[in-house]
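# Overview (structure and organization)
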Amino acid sequence: MNSETGGCIRRMYMNGVPVAGFSAGALIIPEHCIIPPIDTPKRQHLFLKGLGLIRDCAISVHFTKWNERENLKAAAEKINAATGYGIDDAAGVYFHNEIQADNEGSIHIYKNEI
């Protein structure tokens, strides 16, 4: 995500300001922003540049509601990410220095065999 807003968020993050994102906001946090097929006109994954605040992972939101298990697995494999995080509605995952530190609610973790 190369924009003035993205640059501002990255600078603040590097200066120790916590960053939170919900739904699309959570999708833009990693280096790869992965839009699921259910949320695209062509019903295919859309891979965009994310903010790059965490690396080597794929994030899927509305995980159970949108039945995203296979989509998360496919996306993680495509970008060669070690881990995929499926986040249910009303759930959250917390990272500190790019490592999962905690979670609330129902999250689903996929480990890629890379």
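Throughout, residues of each chain are indexed from 1 in the direction in which the sequence is written. Predicted model: local features are reported for residues with pLDDT of at least 70 only, side-chain atom pairs are reported and counted for 80 or more only, and whole-chain, interface and lining totals are derived from all residues. With hydrogens and water stripped out, all remaining heavy atoms of the structure feed into the side-chain values.

The pairing criterion for strands is at least two bridges between them, as found by DSSP. Starting at the N terminus, helices and strands are each numbered in turn, a helix being any DSSP run of H or I of at least four residues and a strand any DSSP run of E of at least two. If you trace the three strands from one edge of the open sheet to the other, you get β3-β4-β7, paired in mixed fashion. Only two strands of the sheet have a single partner each, and these edge strands are β3 (57-61) and β7 (107-111). Between one strand and the next, the sheet's axes are offset by a mean angle of 15°, whatever the strand orientation. Sheet analysis places β3 next to strand β4 (residues 83-87), joined by five bridges and oriented parallel. By the bridge assignment, V61 is partnered in β4 with I87. Against the sheet, helix α3 (residues 69-78) contacts β3, β4 and β7, and its axis sits at roughly 40° relative to β7. With axes taken as lines fitted to C-alpha atoms, and helix axes fitted only over the stretch in contact, angles between N-to-C directions fall between 0 and 180 degrees. In this analysis, two residues are considered to be in contact whenever any of their non-hydrogen atoms come within 4.5 Å of each other.

This part is about the side chain of T40. Topologically, T40 is positioned in the loop between β1 (32-35) and β2 (46-49). One polar contact links the side chain of T40 to the main-chain carbonyl oxygen of Q44, over a distance of 2.8 Å. Those residues in contact with T40 that lie beyond four places of it in its chain are I35 and L46. For the purposes of these results, a polar contact is taken to be a pair of N or O atoms within 3.5 Å, where, inside protein, one atom must be able to donate a hydrogen and its partner to accept one; residues adjacent in sequence count only when each atom of the pair is a side-chain atom.

Before going further, it helps to examine the nonpolar core. To qualify as a nonpolar core, a set must consist of buried Ala, Val, Leu, Ile, Met, Phe, Trp, Tyr and Cys residues joined through side-chain atoms within 4.5 Å. Burial status follows relative accessibility: with a 1.4 Å probe on protein chains alone, a residue under 20% of its type maximum counts as buried, one over 50% as exposed, and anything between as partly exposed. One finds L27, I59 and I87 to be the most contacted residues of the largest nonpolar core, which totals 16 residues. Secondary structure elements with two or more residues in this core: α2 (24-27), β1, β3 and β4. The leading source of residues in this core is β3, at three residues. Not counting the four nearest positions on each side in its chain, I87 is found in contact with I59, S60, V61, H62, F63, G92, V93, S106 and I107. Core analysis: the next-biggest nonpolar cluster, separate from the first, contains nine residues, I34, A58, L72 and A76 among them.

Another aspect to go through is unusual backbone geometry. The phi angle at N67 is positive, at roughly 50°, despite the residue not being glycine. In this fold, N67 is placed in the loop between β3 and α3. Given a relative accessible area of 63%, N67 falls into the exposed group. A positive phi angle is found at N80, which is not glycine, with a value near 55°. Within the secondary structure, N80 sits in the loop between α3 and β4.

Here we come to the environment of N103. The topology assignment puts N103 in strand β6 (residues 99-104). With twelve residues separating them along the chain, N103 and A91 place their C-alpha atoms 7.4 Å apart. Among the polar contacts listed, one links the side chain of N103 to the backbone oxygen of G105, at a separation of 3.4 Å.

Glancing now at α3. Helical geometry note: an α-helix holds 3.6 residues per turn, so side chains three or four residues apart project in the same direction. When we look at burial in α3, the residues that qualify are L72, A75 and A76. Seen along its axis, α3 keeps its buried residues to an arc of 100°; they face one direction. Looking at α3, the residues exposed on the side facing more than 90 degrees away from the buried face are E70 and K78. Of the surrounding elements, those touching the buried residues of α3 are β1, β2, β3, β4 and β7. In the segment just after α3, N80 is the residue with positive phi, at about 55°. Regarding the arc, it is the one traced by the directions from the helix axis to the C-beta atoms.

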